[in-house]
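Each chain is listed here by its residues.
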Amino acid sequence: MTQILDPGFSRFSYGFRAGKSAHQAVYQLREYIREGYRIAIDTDLSKFFDTVEHDVLMVRVSRKVQDKQVKSERAGHRVMSSIKAYLERELKLKINQEKSQVVAVSKASFLGFTFKGTKIRWTDKAFKEFIRRIKLYTGRSWFVSMDVRFKKLAQYLSQSRLGYRFK
């Protein structure tokens with residue numbers, strides 16, 4: 001990452017960088033004094049890694065580094081924590097802990113769908129409900145005209161989760 005991030009740092013940034021040292025920082029300070037500067041600003045970050053906004057930091061790093069780790073389970077937990085804090089603190093909403101999770105995409109269901117690789121599949125529950133509704137609208141025990149059946153079936157298919165396939 002040094003090769004990617006280092007060019008973005010100031011040439012006067014000496015902390016924790018390859019090829020840079022505290023000695024070089026002191027020599028640079030001596031140059032400033034020779035140039036007439038007489039006031040120094042001395043700062044130290046307190047507990048940086050405990051207090052840094054990790055999401056902001058990771059967004060900035062991700063602009064420079066294309067790393068599949070930004071997509072890891074650990075990143076998922078970090079994002080979940082941030083989302084939970086925001087929703088509860090800012091919007092005064094409560095997360096349902098039983099239904100919320102950080103999980104591999106292949107084991108997740110979203111709005112009645114699962115994912116197998118990049119393919120979208122219905123969950124078993126959603127597919128059974130789809131079949132139940134089709135049987136309801138096409139069943140012989142429903143004593144309505146074929147016209148009504150077709151309209152109801154078309155209406156259901158157009159608003160069903162995969163209705164776009166049937167249009």
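Quick caveat, the model's predicted, so the values are computed rather than measured. (Residues numbered from 1 in each chain as written. Predicted model: local features only at pLDDT ≥ 70, side-chain atom pairs only at ≥ 80, totals over all residues. Heavy atoms only, no water.)

Details of a nonpolar patch on the surface
Working step 1: On the surface, Tyr86, Leu91 and Leu93 cluster together into a nonpolar patch covering about 300 Å² of accessible area.
Working step 2: Topologically, Leu93 is positioned in the loop between α5 (73-89) and β1 (113-116). (Patch = residues over 30% accessible without salt bridge, like charges linked within 9 Å, V, L, I, M, F, W, Y side chains within 5 Å. Areas by Shrake-Rupley, 256 points an atom, 1.4 Å probe, with all protein chains shown as cover. Salt bridge = Lys/Arg side-chain N within 4 Å of Asp/Glu carboxyl O. Helix = DSSP H or I, 4+ residues; strand = E, 2+ residues; numbered from the N terminus.)

A closer look at the confidence of the model for the protein chain
Working step 1: Residues at a pLDDT of 70 or more form 89% of the protein chain, whose mean pLDDT is 79.
Working step 2: For the protein chain, helix α3 (residues 48-51) is the element with the lowest average pLDDT, namely 72, and helix α6 (residues 124-138) is the one with the highest, namely 88.
Working step 3: When the criterion is pLDDT under 50, residues 163-167 qualifies, and its contacts beyond four places in sequence or with other chains add up to six contacts. (pLDDT = per-residue confidence, 0-100. Contact = heavy atoms within 4.5 Å.)

Concerning the nonpolar core
Working step 1: With seven residues, the main nonpolar core is built from Phe113, Trp122, Phe130, Tyr137, Leu153, Tyr156 and Leu157.
Working step 2: Elements that contribute at least two residues to this core include exactly α6 and α7 (146-159).
Working step 3: Counting residues per element, this core draws most heavily on α7, which supplies three residues.
Working step 4: Setting aside anything within four residues of it in sequence, one finds Tyr137 in contact with Trp142, Arg149, Lys152, Leu153 and Tyr156. (Core = buried A, V, L, I, M, F, W, Y, C linked by side-chain atoms within 4.5 Å. Buried < 20%, exposed > 50% of the residue type's maximum accessible area, 1.4 Å probe, protein only.)

As for the environment of Phe115
Working step 1: Mapped onto the elements of the fold, Phe115 is located in strand β1.
Working step 2: Assessed through its relative accessible area of 26%, Phe115 is described here as partly exposed.
Working step 3: Residues Phe115 and Ala104, eleven residues apart in the sequence, show an inter-C-alpha distance of 10.0 Å.

Description of the packing of aromatic side chains
Working step 1: Inspection of every chain in the model, using the stated rule, returns five aromatic pairs.
Working step 2: Centroid distance Phe12 to Tyr32: 6.1 Å. Interplanar angle 55°. Geometry classified as tilted. With Phe12 in the loop between α1 (2-5) and α2 (22-34) and Tyr32 in helix α2, this residue pair connects regions lying 20 residues apart in the sequence.
Working step 3: By way of ring pairs, the aromatic residues Trp122, Phe127, Phe130, Tyr137 and Tyr156 are connected into one cluster. (Phe/Tyr/Trp six-rings, centres within 6.5 Å; stacked < 30°, edge-to-face > 60°.)

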